[in-house]
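Here is what each chain is made of, one letter per residue.
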Amino acid sequence: MTIQLQDPSLLKTQAFIDGLWMDSDSGETFAVTDPATGQPLADVASVGATETRRAIAAAERAMTEWTALPAKSRSEILEKWHRLIIENTEDLAVIMTAEQGKTLAESRGEVAYGASFIKWFAEEGKRVYGDIIPTPQTDRRGVVVKQPVGVVAAITPWNFPNAMITRKAGPALAVGCAIVLKPAAETPLSALALVELANRAGLPAGLFNVVPGSDAPSIGGEMTSNPTVKKVTFTGSTPVGKLLMQQCANTVKRTSMELGGNAPVVIFDDADLDLAVAGALTAKYRNSGQTCICANRLLVQEGIYDAFVEKFAAAVSEFRIGNGFDASTTHGPVISEKAAKEIDAKVQNAVAEGATVVIGGQPGEQGGCFYQPTVLTNVNDSMRVFREEIFGPVAPVFKFKTEEDAVRMANDTEFGLAAYLYTESMGRSWRVSEALEYGMVGVNETAISSEVIPFGGVKESGQGREGSKYGLDDYLETKYICFGALQR
Ligand code: NAP
């Protein structure tokens, strides 16, 4: 299959280092395939540690002039990049659906969401303020300035091939850092198209390098050990995040970790049922269940349980899984056959332990990467669907009795990214929101993310925040300067 674009020059298959497109030193490539059809889409340069080292050196050289520019000048280039992303939405969406599988409508939505981070940080980058601190001594003043952290290495996942990059590149570039990015091997084409547009926007050579490759440990090993890299920002699974943190310890790099989740949606008896069903559907099945803030566990109070399951399953039965380019498709494939098998293993584990399949529960007939939207009842907290991130279109619906039970069950996980609750009680919304050990809580709402809010988790879901005014902090150092001898 070939990807048909209005601007075919957006389809890049080489690495982008120091402002130049290049093959890997070895000439090796890796294949990118369409999960909906299994057809190959492109062969992309597979770089390793050596090319990554060169990209880091280029980033260090480029940063000197970039940091010295007024924030307004950096902002103007980012604004231009944002405009180009928006103008090329359709091509970027087509590339994304081809390599990731999500529906074209979802891809268009992600391009807009991804672009919003570039615009936001183009604006926010102009507002990096410091402080003047009154000191205990009359002849001194303390001044705090914020400076760019240095060369940033970024590693991103396949589930949001555009937005997970712009959430990092936007703030890093806005405050004066340079960046070296390793995109997920499943979805490098979206990353390469983004950097092509940044280049067209006039971003100077070396500031944004993309090092695609099929040997992630080699690229990641260089990024985490190279002393020039001052910060590693990662979005992906918790086990890989832990490994990268360990590797960063040797050179004491700063890290931001956006890791896995196990989000509960807690639905109380006093909830607006239709609102709760609609919210849970979006939270569970968006991107075919492959988002880090996807509802993993639906916790429903006993008085509303049967009514909820009936309405929820009826809505799920309307879904149409298929190729993301087909206008009638509501939900695309999952990312790989391996992922589909892993989802099935979790469902079969639940069934073997007594779960009831209300709907779905089988691989899809459309191909190896498809899984039927599934609803499970009679589930309990010893099953894998309670303990582990499902990352697929499977909704286990657990029953609880009291508010105390709900909070205990919701918090009974090592993860702490997003949680949601549905209730019409003001007091309960406050109480439960405050008791949930999560970085983000949605009350009567599951569409909680945008560029203006601080996105991130607690516990083993990570550290650091992306988006919002707080998203700049992850790319800034705080420097204290003491001005003394003021009485002379
Ligand atoms: P993953 O396996 O951890 O991969 C993420 C990235 O890490 C990919 O680029 C991967 O490269 C790279 N990687 C893997 N092993 C590495 C190593 N040893 N050294 C350096 N890099 C390495 O995660 P995934 O399956 O792609 O993504 C899904 C996970 O991301 C889920 O757990 C999800 O919850 C999480 N996520 C979190 C957030 C958030 O904001 N908290 C957002 C989105 C996703 P290759 O592709 O080449 O293997």
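Residues numbered from 1 in each chain as written. Predicted model: local features only at pLDDT ≥ 70, side-chain atom pairs only at ≥ 80, totals over all residues. Heavy atoms only, no water.

### Quick word on the packing of helix α2 (residues 71-87) against helix α6 (residues 188-200)
Here is step 1 of the chain: Their axes nearest at 8 Å, the elements α2 and α6 cross at an angle of 130 degrees. It follows that α2 is oblique to α6 by the angle criterion. Between α2 and α6 lies a crossing whose hand is right-handed. Only Leu 194, Leu 197, Ala 198 and Arg 200 of α6 make contact with α2, whose side of the interface consists of Lys 80, Trp 81, Leu 84 and Ile 85. (Axes fitted to C-alpha atoms, helices over the stretch in contact; angles between N-to-C directions. Helix = DSSP H or I, 4+ residues; strand = E, 2+ residues; numbered from the N terminus. Parallel < 35°, antiparallel > 145°, perpendicular 65-115°, else oblique. Left-handed = near helix turned anticlockwise from the far one by under 90°. Contact = heavy atoms within 4.5 Å.)

### As for the environment of Ile 453
Here is step 1 of the chain: Within the secondary structure, Ile 453 is located in the loop between β18 (440-443) and β19 (462-463).
Here is step 2 of the chain: Among the residues examined, Ile 453 registers a relative accessible area of 21% and is labelled partly exposed.
Here is step 3 of the chain: Sequence spacing of Ile 453 and Arg 465 is twelve residues, and the spatial spacing of their C-alpha atoms is 9.0 Å. (Buried < 20%, exposed > 50% of the residue type's maximum accessible area, 1.4 Å probe, protein only.)

### Focus: the pattern of salt bridges
For side chains of opposite charge, pairing can occur when their charged atoms come near one another.
Here is step 1 of the chain: Counted by the stated rule, this structure contains 27 salt bridges.
Here is step 2 of the chain: The partner of Glu 437 in a salt bridge is Lys 459, and the shortest N-O contact between them spans 3.1 Å. Here Glu 437, found in the loop between α14 (426-435) and β18, pairs with Lys 459, found in the loop between β18 and β19; they are 22 residues apart in sequence, far enough to count as distant.
Here is step 3 of the chain: Judged by relative accessible area, which is 36%, Lys 459 ranks as partly exposed.
Here is step 4 of the chain: Three or more residues are tied together by salt bridges with common partners; here these are Asp 270, Glu 403, Arg 428 and Arg 431. (Salt bridge = Lys/Arg side-chain N within 4 Å of Asp/Glu carboxyl O.)

### Describing the nonpolar core
Here is step 1 of the chain: Counting residues in each nonpolar core, the largest one holds 84 residues, and the members touching the most others are Trp 81, Ile 85, Leu 173 and Phe 208.
Here is step 2 of the chain: For this core, the element with the highest residue contribution is helix α4 (residues 104-124), accounting for nine residues.
Here is step 3 of the chain: The residues touching Leu 173, leaving out its near neighbours within four places in the chain, are Trp 66, Arg 74, Leu 78, Trp 81, Ile 179, Leu 203 and Leu 207. (Core = buried A, V, L, I, M, F, W, Y, C linked by side-chain atoms within 4.5 Å.)

### Points about the packing of aromatic side chains
Here is step 1 of the chain: The full count for this structure, using the stated rule, is nine aromatic pairs.
Here is step 2 of the chain: Measuring from ring centre to ring centre gives 5.6 Å for Trp 158 and Phe 391, while their planes differ by 80 degrees; the resulting arrangement is edge-to-face. Highlighted residues: Trp 158 in the loop between β7 (151-155) and α5 (163-175) and Phe 391 in the loop between α12 (384-387) and β16 (394-400), separated in sequence by 233 residues.
Here is step 3 of the chain: Among the residues examined, Phe 391 registers a relative accessible area of 22% and is labelled partly exposed.
Here is step 4 of the chain: Arranged with centres 5.2 Å apart and planes meeting at 20 degrees, the rings of Phe 308 and Phe 312 form a pair that is stacked. Residue Phe 308 and its partner Phe 312 are both found in helix α10 (residues 305-316); the two are separated by four residues, about one turn of the helix. Summarising the burial analysis for this pair, Phe 308 and Phe 312 share the class buried.
Here is step 5 of the chain: Here a set of aromatic residues connected by ring pairs shows up, and it is made of Tyr 285, Phe 308, Phe 312 and Phe 319.
Here is step 6 of the chain: Its guanidinium or amino end placed over the ring of Phe 386, Arg 297 lies 4.6 Å from that ring's centre, counting from NZ or CZ.
Here is step 7 of the chain: Seen from the ring of Tyr 305, Lys 399 lies directly overhead, with NZ or CZ sitting 4.8 Å from the centre. (Phe/Tyr/Trp six-rings, centres within 6.5 Å; stacked < 30°, edge-to-face > 60°. Lys NZ or Arg CZ within 6 Å of the ring centre and 35° of its normal.)

### Points about the sheet that holds strand β5 (residues 131-134)
The strands making up a sheet associate through backbone hydrogen bonding, with each pair oriented either parallel or antiparallel.
Here is step 1 of the chain: An order of β5-β6-β20 is seen for the three strands of this open sheet, with the pairing classed as antiparallel. In this open sheet, the two edge strands, each paired with only one partner strand, are β5 and β20 (476-483). Going across the sheet, the axis of each strand differs from the next one's by a mean of 25 degrees, ignoring polarity.
Here is step 2 of the chain: Relative to strand β6 (residues 141-148), β5 runs antiparallel, the two sharing four bridges. The residue of β6 that forms the bridge with Pro 134 is Arg 141. (Pairing = 2+ DSSP bridges.)

### Brief notes about the environment of Arg 408
Here is step 1 of the chain: Relative to the helices and strands, Arg 408 resides in helix α13 (residues 403-411).
Here is step 2 of the chain: The sequence separation of Arg 408 and Leu 436 amounts to 28 residues, and the corresponding C-alpha distance is 8.8 Å.

### Considering the site of the ligand
Here is step 1 of the chain: Neighbouring residues of the ligand: 32 residues in total, closest Thr 156, Ala 185, Ser 237, Leu 259 and Glu 389.
Here is step 2 of the chain: With respect to the ligand, the side chain of Lys 182 contributes an N or O atom lying 3.0 Å from an oxygen atom.
Here is step 3 of the chain: Within the contact set of the ligand, an oxygen atom lies 3.2 Å away from a side-chain nitrogen or oxygen of Glu 258.
Here is step 4 of the chain: A total of 910 Å² of accessible area belongs to the ligand in isolation, and the protein chains cover 87% of it.
Here is step 5 of the chain: When contributions to the shell around the ligand are tallied by element, the ones reaching two or more residues are α5, α7 (216-225), β10 (229-235) and α8 (238-249).
Here is step 6 of the chain: Among the residues making up the shell around the ligand, the classes are represented as 18 nonpolar, nine polar and five charged. (Near = heavy atom within 4 Å. Polar contact = N/O pair within 3.5 Å; in protein donor to acceptor, adjacent residues only side chain to side chain. Areas by Shrake-Rupley, 256 points an atom, 1.4 Å probe, with all protein chains shown as cover. Nonpolar A, V, L, I, M, F, W, Y, C, P; charged D, E, K, R; others polar.)

### Structural notes on the sheet that holds strand β13 (residues 295-301)
Here is step 1 of the chain: Pairing is mixed across the open sheet formed by seven strands, whose spatial order is β14-β15-β16-β13-β12-β17-β18. Across the chains shown, the open sheet's two edge strands, defined by having one partner strand only, are β14 (356-359) and β18. Shown here is a sheet whose adjacent strand axes are inclined to one another by a mean of 25 degrees, direction ignored.
Here is step 2 of the chain: Of the strand pairs in this sheet, strand β12 (residues 263-267) and strand β17 (residues 418-422) are connected by three bridges, and their pairing is parallel. Paired with Val 266 across the strands is Leu 421, a residue of β17.

### Considerations on unusual backbone geometry
Here is step 1 of the chain: Phi at Phe 391 is positive, roughly 55 degrees, even though this residue is not glycine.
Here is step 2 of the chain: The phi dihedral of Ser 468 is positive, around 65 degrees, even though this residue is not glycine.
Here is step 3 of the chain: Looking at the secondary structure, you find Ser 468 in the loop between β19 and β20.
Here is step 4 of the chain: Assessed through its relative accessible area of 2%, Ser 468 is described here as buried.

### Some thoughts on a nonpolar patch on the surface
Here is step 1 of the chain: Taken together, the side chains of Ile 481, Phe 483 and Leu 486 make up a nonpolar region of the molecular surface, amounting to roughly 240 Å² of accessible area.
Here is step 2 of the chain: If you trace the backbone, Leu 486 turns up in the segment after β20.
Here is step 3 of the chain: The exposure class of Leu 486 is partly exposed, given its relative accessible area of 38%. (Patch = residues over 30% accessible without salt bridge, like charges linked within 9 Å, V, L, I, M, F, W, Y side chains within 5 Å.)

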